[in-house]
Amino acid sequence: MAFFLRLFRKKKQANMTICGLDKAGKTSVVNYLMHGENRETIPTMGVNVNTVNLPKLDIHIYDLGGQEGFRPLWSDINERSQAIVYIVDCTDFERFELTKNIFHDIIDAQIDDNVPVLILLNKIDLPNRMSRADFIYHFGLLDLKNTTWSCYETSAMTGGGLIEAFTSFIHKLEDEA
Ligand SMILES: Nc1nc2c(ncn2[C@@H]2O[C@H](COP(=O)(O)OP(=O)(O)OP(=O)(O)O)[C@@H](O)[C@H]2O)c(=O)[nH]1
Ligand SMILES: [Mg+2]
């Protein structure tokens with residue numbers, strides 16, 4: 001009986017939000033995940049939603065617009081998400097404090113402690129970038145006591161690091177489904 005119930009049980013759903021400042025590479029990362037290649041993007045106006053159908057789980061990916069005017073939309077979506085991906089442009093030293101503050105506001109005010117957080121240090125194909133170790137320290141990741149986080153270097157231009165970053169993150173979501 002349990003076997004038949006499993007066969008006909010409705011598949012689990014999870015929302016995954018992709019956050020980060022405008023031009024960090026959120027849509028480019030989603031494009032690489034969906035199509036296996038870099039595709040030209042335009043700034044996201046509001047939010048794009050894509051669904052990935054895995055055997056045990058449907059993941060609804062919310063790719064948020066990062067421009068200032070769209071950021072007030074984030075909290076409602078983050079509050080309904082089971083996973084957060086936060087993307088930082090590793091060459092954007094000028095807006096480091098801004099993106100750090102926005103990140104910590106999400107962690108402190110918009111998600112529960114049990115929501116896993118994947119941080120991508122994106123655009124590693126470019127020169128003059130911050131190192132992962134410096135980033136982890138200065139971004140305050142070591143101060144996060146209750147959040148399960150992981151941090152990977154990625155390039156949505158070459159695809160570098162994306163498989164490594166998402167494999168264990170998505171398996172974790174599947175296991176929890
Ligand atoms: N060199 C390099 N360029 C990238 C990378 N990822 C994104 N870009 C470029 O950065 C620019 C912005 O990328 P998007 O993916 O549109 O950025 P976004 O975070 O979705 O921006 P908003 O939608 O405005 O919030 C585009 O010109 C991309 O081609 C990367 O890993 N390396
Ligand atoms: Mg975008």
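Here the residue numbers are simple positions, counted from 1 along each chain's written sequence. Here the convention is simple: chains get letters from A, ligands get numbers from 1, in the order in which they are written. Totals for whole chains, interfaces and linings use every residue, but because this is a predicted model, local features are given only for residues with pLDDT of at least 70 and side-chain atom pairs only at 80 or more, for both listing and counting. Each side-chain value is derived from all of the structure's non-hydrogen atoms; neither hydrogens nor water enter the calculation.

Draft legend 1. Quick peek at the pattern of salt bridges. The working definition used for a salt bridge is a side-chain nitrogen of Lys or Arg within 4 Å of a carboxyl oxygen of Asp or Glu. Applying the stated criterion across every chain, the model contains 8 salt bridges. For the salt bridge of Lys23 with Asp22, the shortest nitrogen-to-oxygen distance reads 3.6 Å. Look at the salt bridges and you will find they share partners, linking Asp22, Lys23, Arg71, Asp92 and Arg95 into a network.

Draft legend 2. View of the site of ligand 1. The near set for a molecule or strand comprises every residue that places at least one heavy atom within 4 Å of it. As a matter of local geometry, ligand 1 sits amid 21 residues, with Lys26, Ser28, Thr41, Gly66 and Asp125 nearest to it. At a separation of 2.9 Å, an oxygen atom of ligand 1 approaches a polar backbone atom of Lys23. Here Ser155 contributes a side-chain N or O atom positioned 3.5 Å from an oxygen atom of ligand 1. When ligand 1 is considered free in solution it has 660 Å² of accessible area, and contact with the protein chains removes 85% of it. Secondary structure elements are defined from DSSP: runs of H or I of at least 4 residues count as helices, runs of E of at least 2 residues count as strands, and each element is numbered from the N terminus. Looking at which element gives the most residues to the shell around ligand 1, the answer is helix H2 (residues 26-35), with 3 residues. We define a polar contact as two N or O atoms separated by no more than 3.5 Å, with the added condition that, inside protein, one atom must be a possible hydrogen donor and the other a possible acceptor, whereas residues neighbouring each other in sequence contribute only through side-chain atom pairs. For accessible areas, the Shrake-Rupley method is used with a probe of radius 1.4 Å. Any residue's cover is judged against the shown protein chains and nothing else.

Draft legend 3. Molecular detail of the coordination of the magnesium ion (ligand 2). Sodium, potassium and calcium take a 3.2 Å donor cutoff, other metals 2.8 Å, and in both cases only N, O and S atoms count; water is not among them, so sites may look incomplete. The protein atoms donating to the magnesium ion (ligand 2) are Thr27 (OG1) and Thr44 (OG1), with metal-donor distances spanning 2.0 to 2.1 Å. With Thr27 in helix H2 and Thr44 in the loop between H2 and strand E2 (47-53), this residue pair connects regions lying 17 residues apart in the sequence. Each residue's exposure class comes from its accessible area (1.4 Å probe, protein chains only) as a fraction of the maximum for that residue type: buried when under 20%, exposed when over 50%, partly exposed otherwise. Overall, Thr27 belongs to the buried group, its relative accessible area being 16%.

Draft legend 4. Broad picture of the nonpolar core. To define a nonpolar core, start from buried Ala, Val, Leu, Ile, Met, Phe, Trp, Tyr and Cys residues and group those joined through side-chain atoms within 4.5 Å. Of all hydrophobic cores here, the largest spans 27 residues; its most connected members are Tyr86, Phe103, Phe135, Phe139 and Leu141. Elements with a contribution of two residues or more to this core: strand E3 (57-64), helix H3 (74-79), strand E4 (83-89), helix H4 (96-110), strand E5 (117-122) and helix H5 (132-138). At 5 residues, the largest contribution of residues to this core is made by H4. Dropping the residues within four chain positions of it, Phe103 is found in contact with Tyr86, Val117, Ile119, Phe139, Leu141 and Leu144. Contact criterion: two residues are considered in contact whenever any of their non-hydrogen atoms come within 4.5 Å of each other.

Draft legend 5. Spatial organisation of the side chain of Asp92. Mapped onto the secondary structure, Asp92 falls in the loop between E4 and H4. Of note is the side chain of Asp92, whose polar atom sits 2.8 Å from the side chain of Arg95. When near neighbours in sequence (up to four residues on either side) are disregarded, Asp92 contacts Leu21 and Met130.

Draft legend 6. The environment of Ala165, seen in detail. If you trace the backbone, Ala165 turns up in helix H6 (residues 162-176). Since its relative accessible area comes to 0%, Ala165 is described here as buried. Measuring from C-alpha to C-alpha, the distance between Ala165 and Phe93 comes to 23 Å, with 72 residues separating the pair along the chain. In contact with Ala165, other than residues within four places in its own chain, are Leu118, Leu120, Tyr152 and Thr154.

Draft legend 7. Focus on unusual backbone geometry. Positive phi, close to 75°, is recorded for Lys23, a residue that is not glycine. Tracing the backbone through its elements, the reader meets Lys23 in the loop between strand E1 (12-19) and H2. Residue Lys123 is not a glycine yet carries a positive backbone phi of 75°. Mapped onto the fold, Lys123 is located in the loop between E5 and H5. The class of Lys123 is partly exposed, set by a relative accessible area of 22%.

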